[in-house]
Amino acid sequence: MDCFAAPAPSAPSAPLPLDEALERVQRAYGAVTEPEEVPLRAALGRILAEPVTATVNVPPVAVSAMDGWGYGKADSAGAEGDVLRLAVVGRVPAGSVFPGTVRPGEAVRIFTGAPIPAGVDTVAMQEDCQAGDGAVLVPATLKRGANIRDAGEDMTAGSVVLTPGLRLRAQEVGLAAAVGRSSLSVRKRLRVVLFSTGDELREPGTEKPEGAIYDANRYTLAAQLDALGADVRDLGILPDKPDVTRAALADAAATADLVVTSGGASVGEEDHVKRVVGELGSVDLWKLALKPGKPLALGRIGTTPFLGLPGNPVSAMVTFMLVGRPLVLRLSGAESAPAPRCLVVAGFEFKKKPGRREFLRARLAIGPDGRPVAHKFPSDSSGVLTSMVEADGLVDMPADATTIRDGDMVEFLPFTGLFA
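No experiment lies behind these values; they were computed from the predicted model shown. (Residues numbered from 1 in each chain as written. Predicted model: local features only at pLDDT ≥ 70, side-chain atom pairs only at ≥ 80, totals over all residues. Heavy atoms only, no water.)

A.B. asks: Would you mind going over the environment of Ala-256 with me for this structure?
C.D. replies: Mapped onto the fold, Ala-256 is located in the loop between helix H4 (242-255) and strand S18 (258-262). Along the backbone, Ala-256 and Leu-194 are 62 residues apart, and their C-alpha atoms lie at a distance of 9.9 Å. Other than its neighbours up to four places away in sequence, Ala-256 contacts Arg-191, Val-193 and Thr-304. (Helix = DSSP H or I, 4+ residues; strand = E, 2+ residues; numbered from the N terminus. Contact = heavy atoms within 4.5 Å.)

The structure is reproduced here in structure tokens:
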């Protein structure tokens, strides 16, 4: 059964909860991109396609964690109250090896990352020691093993250190380098074709007749797709003409992994996208129980996934964050990871009717008690794009909630987590 098949005309669809929509995305879609090998320097932001296994221990041998003095803790000779007096017999910089064994009553000057010599089981930090005249005073109270990193403490040879589906950050790239990898197998970038629809739209920088508006949606959506590592092909603005829309979508689907449009996904007489996609494949027009962003079309053009977003700029951005982002990551082969959220204090009052989940644009500030406080943007209009500029993220107000009071704890989704 196609879980995105449109409902029968005699069965009007009720608004769909966001969580159910996300479950459908997880059920209906999987990775569509093939693996490719890329140099480590080109791996940032890519989706790992194969596990990475450590071929060496990291560190390969026991090393000093500090600049200081290494000695054998079992030796108590030379104790003078709270310190041990030890004869200095050598110096071990990082990258060198002490040629002999440190005997009882002896110490070596050792530096961070240097291999631990035979006979040494403890390192005293240089700040806690006094050296001079060929000897050093070290604390007698240190535990054996202090300030030493054991071989394999970070990673052991043969262990899986990175798993497929990870979106590679700087730390994962560095970890791959630490186990000796110079390249990684990653998923090819998701090929996304992007359109806006509507006779009222004009390209920024061109003349704009009365009644027309500049197209912002393609630019905000392209930026969001770029941030997710997609390979975006912008095919401009589609007029409100069914034949032109049909030909453009069919051509786009032939060379894309995902087709994304904004506008035309509602039920107006000039909203042709839903009908055309249904003719070319299948579509489920969701009436999401959501504000902003009620109309959302998701389906396929032939076998190519399709996402139709609302035309209002805030609705387009928010629905992409909430539904488009998980879809793009799923198609890209990324492991499922919900956007991060946190609890903050509400610095505003708000009321709504039950039944629809709302995401309120808000800016954070630090309150007198040091806790973050969310201040709601004054307008709830889905056409006010300045609200997205002023806000730091979205307050998630559950469908069954009716009131937020000043001082309540509310869930907050930072934009920093929704753009990556």
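Read on, since the account is not over.
A.B. asks: Hey, could you run me through helix H5 (residues 273-280) in this one?
C.D. replies: Residues spaced three or four apart along an α-helix point in a common direction, a consequence of the helix completing one turn every 3.6 residues. Looking at H5, one finds that the buried residues are Val-273, Val-276 and Val-277. Axial view of H5: buried residues confined to an arc of 100°, hence all on one face. (Buried < 20%, exposed > 50% of the residue type's maximum accessible area, 1.4 Å probe, protein only. Arc of directions from axis to C-beta.)

A.B. asks: Got a minute to help me understand the environment of Lys-143 in this structure?
C.D. replies: Among the structural elements, Lys-143 can be located in the loop between strand S10 (135-139) and strand S11 (148-149). Counting along the chain gives 20 residues from Lys-143 to Val-123, while the straight-line C-alpha distance between them is 9.6 Å.

A.B. asks: Would you take a moment to explain the side chain of Ser-262 for this structure?
C.D. replies: With respect to the helices and strands, the residue Ser-262 is situated in strand S18. For Ser-262, the side chain forms a polar contact with the side chain of Asn-217, separated by 3.4 Å. Residues within four places of Ser-262 in sequence aside, it is in contact with Phe-195, Ser-196, Thr-197, Asn-217, Leu-221, Leu-309 and Pro-310. (Polar contact = N/O pair within 3.5 Å; in protein donor to acceptor, adjacent residues only side chain to side chain.)

A.B. asks: Explain the side chain of Thr-122 to me, please; I cannot follow it from the model alone.
C.D. replies: By the element assignment, Thr-122 lies in strand S8 (residues 122-125). Classification of Thr-122 as buried rests on a relative accessible area of 0%. Polar side-chain contacts of Thr-122 include one of 2.9 Å to the side chain of Asp-121. In contact with Thr-122, not counting residues within four places along its chain, are Trp-69, Gly-70, Tyr-71, Lys-73, Leu-142, Lys-143, Arg-144, Gly-145, Ala-146 and Ile-148.

A.B. asks: Please clarify how the domain arrangement of the protein should be interpreted in this entry.
C.D. replies: It is common to report an interface's size as the accessible area lost on association of the parts. The assigned domain composition of the protein is domain 1 (18-33 + 189-332), domain 2 (36-58 + 154-187), domain 3 (63-149) and domain 4 (342-414). Look at where the C-alpha atoms of domain 1 and domain 3 centre, and you get two points 65 Å apart. (Domains from an automatic or database assignment.)

A.B. asks: For this particular structure, what's the right way to read the pattern of salt bridges?
C.D. replies: It is possible for side chains of opposite charge to pair when their charged atoms get near one another. Per the counting criterion, the structure on display carries 21 salt bridges. The salt bridge partner of Glu-36 is Arg-46, with a shortest N-O separation of 2.5 Å. Linking Glu-36 in strand S1 (residues 35-39) with Arg-46 in the loop between S1 and strand S2 (52-53), this pair joins segments that are 10 residues apart in sequence. The class of Arg-46 is buried, set by a relative accessible area of 7%. One salt bridge in this structure joins Arg-363 and Asp-392, with 3.9 Å as the shortest N-O distance. Taken together, the residues Arg-363 in strand S25 (residues 357-366) and Asp-392 in the loop between helix H7 (386-390) and strand S27 (393-397) connect sequence positions 29 residues apart. Beyond isolated ion pairs, a larger network of salt bridges with shared partners links Asp-19, Arg-341, Arg-357, Asp-396 and Glu-411. (Salt bridge = Lys/Arg side-chain N within 4 Å of Asp/Glu carboxyl O.)

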